[in-house]
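In case you want the letters, here they are:
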Amino acid sequence: MRTVTRHQIRTIVNGEPTSVEVEANDVLLDMLRTALGVKSPKIGCERGDCGSCTVLLDGRTVRSCLVLAVEADAHEITTVEGIEHDGLTAVQEMMIEQSSFQCGFCAPGIVLAAAELIERAPRPTADEVREAIAGNLCRCTGYESIVDAVLAATGSGTSATTSATSSGASS
Ligand code: FES
Ligand code: FES
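Residues numbered from 1 in each chain as written. Chains lettered and ligands numbered in written order. Predicted model: local features only at pLDDT ≥ 70, side-chain atom pairs only at ≥ 80, totals over all residues.

### Remarks on the domain arrangement of the protein
Here the protein is described as being made up of domain 1 (6-82) and domain 2 (86-166). The gap between the C-alpha centroids of domain 1 and domain 2 is 23 Å. For the side of domain 1 that touches domain 2, the elements supplying multiple residues, two or more each, are β3 (54-57) and β4 (60-63). (Domains from an automatic or database assignment. Helix = DSSP H or I, 4+ residues; strand = E, 2+ residues; numbered from the N terminus.)

Spelled out as structure tokens, the structure:
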């Protein structure tokens, strides 16, 4: 009979100290969704291609379908639920105002990718935003409304104005 070894994992999930038992080959995505009921990381390709399962691990974006749950032991995990202090962030508000998404499946991952970017570059350029979300597949939009929302929320203008500025064009 196969013996399954279970491991006790202690993490901080969205600011809350959390203890959960996992198997050695459980991935972080399953731990969050199934064991802890944190549903914003989405199950997409499950092989690192789509970015829908993106979470922050110690403040850096990772694909939670590629990270073993045991690797998160003693680390801090943040999902979209954890960045919403007292309501939506400025980027989320602007994404709603600009109707940046359609089905919204990609939204949690893209919001976290943008949050990581803004943490290190508070007024990003359009190219920096595009690069930050490049690993997050959106099947519904052309990305520009997402880029524009991040730029508007950070006071960086729009993709049109920052492209004009970076190319030296004047209005
Ligand atoms: S589900 Fe993880 S990258 Fe697609
Ligand atoms: S809005 Fe549908 S996948 Fe991005």
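Past the structure itself, the notes keep going.
### Comments concerning the sheet that holds β4
Strand order across the open sheet formed by 5 strands is β2-β1-β5-β3-β4, with mixed pairing between neighbours. Because the sheet does not close on itself, it has two edges, and the strands there are β2 (16-23) and β4. Each neighbouring strand pair of the sheet contributes to a mean axis angle of 40°, computed without reference to strand direction. The strands touched by helix α4 (residues 107-120) are β3 and β4; relative to β3, the strand with the most contacts, the crossing angle is about 35°. (Pairing = 2+ DSSP bridges. Axes fitted to C-alpha atoms, helices over the stretch in contact; angles between N-to-C directions. Contact = placed C-beta atoms within 7 Å.)

### Section: the packing of helix α3 (residues 90-97) against helix α6 (residues 144-153)
One can describe the packing of α3 onto α6 by two numbers: an axis separation of 8 Å at closest approach and a directional angle of 130°. It follows that α3 is oblique to α6 by the angle criterion. Relative to α6, the crossing made by α3 is right-handed. Residues Ala-90, Val-91, Met-94 and Met-95 of α3 form the contact with α6, whose own contacting residues are Ile-146, Ala-149, Val-150, Ala-152 and Ala-153. In terms of residue class, the contact of α3 with α6 is built from 9 nonpolar, no polar and no charged. (Parallel < 35°, antiparallel > 145°, perpendicular 65-115°, else oblique. Left-handed = near helix turned anticlockwise from the far one by under 90°. Nonpolar A, V, L, I, M, F, W, Y, C, P; charged D, E, K, R; others polar.)

### Observations regarding the nonpolar core
Across soluble globular proteins, nonpolar side chains have a tendency to be buried as a group. Counting 41 residues, the largest nonpolar core has Leu-28, Ile-110, Val-111, Ala-114, Val-129 and Val-150 as its most contacted members. When residues of this core are assigned to their parent elements, the largest contribution, 9 residues, is made by α4. When residues of this core are assigned to domains, at least three fall in each of domain 1 (6-82) and domain 2 (86-166). Those residues within four positions of Ala-114 in sequence are excluded, and the remaining contacts are Val-91, Val-129, Ala-132, Ile-133 and Val-150. (Core = buried A, V, L, I, M, F, W, Y, C linked by C-beta atoms within 7 Å. Buried ≥ 20, exposed ≤ 12 C-beta atoms within 10 Å, placed from the backbone.)

### So, α4
Look at α4: 20 Å from first C-alpha to last across 14 residues, which is about the 20 Å you get at 1.5 Å a residue. The buried count for α4 comes to 11 of 14 residues, which makes it a mostly enclosed element. Turning to α4, its buried residues number three or more, namely Ala-107, Pro-108, Gly-109, Ile-110, Val-111, Leu-112, Ala-113, Ala-114, Ala-115, Leu-117 and Ile-118. The inward-facing, buried residues of α4 contact β3, β4, α2 (80-83), α3, α5 (126-132) and α6. (Expected span 1.5 Å × (residues − 1).)

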